[in-house]
Amino acid sequence: MLVMGIESSCDETACAIVSDKKEILSSVVWSQYEEHRRFGGVVPEIAARAHLEQVDVIVKEAIEEAHIDFSDLSGVAVAGGPGLIGGVIVGVMTAKAIAMSHNLPFIAVNHLEGHALMARLTNEIEFPYLLLLTSGGHCQILVVNGPGKYERLGGTIDDSAGEAFDKVAKMLDVGYPGGPNVQRAALSGNAKRFNLPHPMKGRPGCDFSFSGLKTAVRHQIELLGTLTEQDKADMCASFQATVVDTIIDRLKHGIQLFQEKYPHGKQLVVSGGVAANAMLRNALENLAQKKHLQFAAPPIKLCTDNGVMIAWAGIERLRLGLTNTLDFRARPRWPLDKPLE
């Protein structure tokens with residue numbers, strides 16, 4: 001079984017061909033980094049136009065890199081949401097055209113499900129497992145029982161962790177994208193210099209909040225006035241450590257709930273763009289070991305948005321006969337734990 005996956009929900013135009021034998025035949029990703037860098041964040045209108053200009057080229061490259069033809073495909077999967085609606089529409093319409101012209105099954109994948117199932121491509125993971133999904137737009141703790149079967153234990157009540165990284169990076173002028181640049185600057189910083197608040201720490205439940213932390217960073221910057229490079233490094237280190245500590249605190253509650261309800265569940269998985277953060281991965285691995293869980297994460301290059309995760313989720317859904325008709329509508333919002341309406 002070979003499935004094509006198309007991803008265009010934010011600022012990467014991506015296409016991949018993946019087999020049900022867990023082989024990645026091709027993976028092409030075109031980043032819009034240069035288009036958005038001067039704005040310090042993704043501009044939806046620019047993103048949509050860039051997807052439209054690049055998607056046909058990316059699809060062609062993926063087919064050529066895999067050394068196959070469209071007739072060799074078993075289906076075409078696409079990120080149908082959530083995301084920036086202009087880009088999502090570009091990907092959905094492209095996938096529909098391919099499915100229709102080549103008489104292939106069409107699979108609409110929730111972008112978050114792509115992240116949620118990604119680790120099953122690269123690791124031996126069985127359902128159910130506990131998932132921390134953390135990215136630029138989302139921060140959730142979920143129980144994954146199978147494709148389309150998710151139980152949300154908690155999520156952010158305001159900003160996501162990834163958004164906080166981007167906003168802090170912009171305030172400190174360390175560059176875009178925020179996550180990698182904050183992590184890089186933090187390497188030479190003192191994480192104990194700034195005493196930042198740990199939102200929601202100690203409270204019951206598994207919800208997150210990062211807006212107060214972001215505000216606290218801004219206040220510290222205002223108190224400092226002109227920032228030296230060491231000031232920036234220390235703030236990055238303090239902020240990153242606080243985010244990781246906060247996530248670990250909330251996840252402890254999630255693990256307790258998971259182990260009480262699913263005593264046979266054995267794995268803790270992290271996915272999404274923020275899962276590429278080395279400090280977070282190390283902290284999660286240590287936590288999993290203490291809680292007698294196996295820890296798994298996709299390779300760093302597969303944590304950010306890509307076509308591979310959409311193709312793999314397409315394979316998981318196609319195996320179960322979970323396909324969609326061509327009247328599927330792209331959607332800017334699509335909660336992972338709620339059925340498609």
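Just above sits the structure.
Read on for an overview of the structure. Predicted model only: the values in this text are computed from it and were never measured.

Right, let's get into the overall build of the protein chain. Summing up its helical and strand segments, the protein chain has ten helices and ten strands in all. In terms of overall size, the protein chain behaves like a compact globule, its C-alpha atoms giving a radius of gyration of 20 Å where 341 residues would be expected to give roughly 20 Å. Taking the principal axes of the C-alpha coordinates as reference, the protein chain spans close to 60 × 50 × 35 Å. Counting every position in the protein chain, which comprises 341 residues, the buried fraction comes to 55%. Taking the intrachain contacts of the protein chain between residues at least 6 apart in sequence as the baseline, contacts between residues at least 24 apart amount to 74%. For the protein chain, the exposed area adds up to about 14,900 Å²; of that, 51% sits on carbon and sulfur atoms. Across the protein chain, the 34 positively charged side chains and the 38 negatively charged ones have centroids separated by 6 Å.

Three or four residues apart is the spacing at which side chains of an α-helix point the same way, because the helix has 3.6 residues per turn. The first and last C-alpha atoms of helix α2 (residues 44-66) sit 31 Å apart over 23 residues, in line with the 33 Å expected at 1.5 Å per residue. The largest bend in α2 comes to about 45 degrees, at Gln 54. All of the buried residues in α2 are Ile 46, Ala 47, Ala 48, Ala 50, His 51, Gln 54, Val 55, Ile 58, Val 59, Ala 62, Ile 63 and Ala 66.

All right, on to the packing of aromatic side chains then. The tally for this structure, following the rule as stated, stands at six aromatic pairs. With a centroid separation of 6.1 Å and 15 degrees between ring planes, the pair formed by Phe 208 and Phe 210 is classed as stacked. The same class applies to Phe 208 and to Phe 210, which are both buried. Look at Phe 328 and Trp 334: their rings are 5.8 Å apart centre to centre, the planes differ by 45 degrees, and that puts the pair in the tilted class. Since its relative accessible area comes to 7%, Phe 328 is described here as buried. An aromatic cluster is built from Phe 106, Phe 328 and Trp 334, whose rings are joined through pairwise contacts. Seen from the ring of Trp 334, Arg 331 lies directly overhead, with NZ or CZ sitting 5.4 Å from the centre.

Bringing the pairing of strand β4 (residues 75-81) into the picture now. Along β4, seven of the seven residues are buried, which leaves the element largely enclosed by surrounding structure. Pairing analysis gives four bridges linking strand β1 (residues 2-7) to β4, with the strands arranged parallel. Its bridge partner being in β4, Gly 5 is matched across the sheet by Ala 77. Inspection of the sheet shows β4 paired to strand β5 (residues 106-110) by five bridges, in the parallel sense.

A few words now on the environment of Tyr 176. The residue Tyr 176 is located in the loop between α5 (161-172) and α6 (178-186) in this model. Assessed through its relative accessible area of 13%, Tyr 176 is described here as buried. Along the backbone, Tyr 176 and Lys 60 are 116 residues apart, and their C-alpha atoms lie at a distance of 29 Å. Polar side-chain contacts of Tyr 176 include one of 3.1 Å to the side chain of Asp 11.

Let us now look at a positive patch on the surface. Among the surface-exposed residues, Lys 201, Lys 252, Lys 290 and Lys 291 lie close enough to one another that they form a single positively charged patch. The class of Lys 252 is partly exposed, set by a relative accessible area of 43%.

We now examine the nonpolar core. Counting 49 residues, the largest nonpolar core has Leu 130, Phe 210 and Phe 239 as its most contacted members. Per-element tally for this core: the top contributor is helix α8 (residues 229-261), with eleven residues. Aside from chain neighbours lying at most four places away, what touches Leu 130 is Ile 141, Leu 142, Val 143, Leu 153, Leu 251, Gly 254, Ile 255, Phe 258, Gln 267, Leu 268 and Val 269. Grouped together as the second largest cluster of nonpolar side chains are 32 residues, Ala 77, Ile 125, Val 144 and Leu 336 included.

A few words on the environment of Ile 255. Assignment of secondary structure puts Ile 255 in helix α8. Each C-alpha atom, one on Ile 255 and one on Val 143, is 9.8 Å from the other, the two residues being 112 residues apart in sequence. Ignoring sequence-local partners within four residues, the contact set of Ile 255 consists of Leu 130, Leu 268, Leu 287, Lys 291 and Leu 293.

Moving on, we come to unusual backbone geometry. Here the residue pair Gly 81 and Pro 82 is connected by a cis peptide bond, since its omega of -10 degrees sits within 30 degrees of zero. When you line up the elements, Pro 82 lands in the loop between β4 and α3 (85-101). For the bond from Phe 127 to Pro 128, the omega torsion is -5 degrees, close enough to zero to count as cis. Inspection of the secondary structure assignment puts Pro 128 in the loop between α4 (111-122) and β6 (129-134). The phi dihedral of His 67 falls on the positive side, at around 60 degrees, and the residue is not glycine. The topology assignment puts His 67 in the loop between α2 and β4.

Let's shift gears to the pattern of salt bridges. All chains considered together, the criterion is met by eleven salt bridges. A salt bridge links Glu 151 to Lys 261, with the shortest nitrogen-to-oxygen separation between them at 3.1 Å. Here Lys 261 lies in helix α8 and Glu 151 lies in strand β8 (residues 149-155), a separation of 110 residues in the sequence. Here Arg 218 and Glu 222 are joined by a salt bridge, their closest N and O atoms 3.8 Å apart. Within this pair, Arg 218 and its partner Glu 222 are both found in helix α7 (residues 211-224), separated by four residues, close to a single helical turn.

So, how was this worked out
Residues numbered from 1 in each chain as written. Predicted model: local features only at pLDDT ≥ 70, side-chain atom pairs only at ≥ 80, totals over all residues. Heavy atoms only, no water. Helix = DSSP H or I, 4+ residues; strand = E, 2+ residues; numbered from the N terminus. Rg over C-alpha atoms; globule rule 2.2 N^0.38 Å. Buried < 20%, exposed > 50% of the residue type's maximum accessible area, 1.4 Å probe, protein only. Contact = heavy atoms within 4.5 Å. Areas by Shrake-Rupley, 256 points an atom, 1.4 Å probe, with all protein chains shown as cover. Lys, Arg positive; Asp, Glu negative; His and termini not counted. Charge placed at Lys NZ, Arg CZ, Asp CG, Glu CD. Expected span 1.5 Å × (residues − 1). Bend = angle between axes of the 7 residues up to and from the residue. Phe/Tyr/Trp six-rings, centres within 6.5 Å; stacked < 30°, edge-to-face > 60°. Lys NZ or Arg CZ within 6 Å of the ring centre and 35° of its normal. Pairing = 2+ DSSP bridges. Polar contact = N/O pair within 3.5 Å; in protein donor to acceptor, adjacent residues only side chain to side chain. Patch = residues over 30% accessible without salt bridge, like charges linked within 9 Å, V, L, I, M, F, W, Y side chains within 5 Å. Salt bridge = Lys/Arg side-chain N within 4 Å of Asp/Glu carboxyl O. Core = buried A, V, L, I, M, F, W, Y, C linked by side-chain atoms within 4.5 Å.

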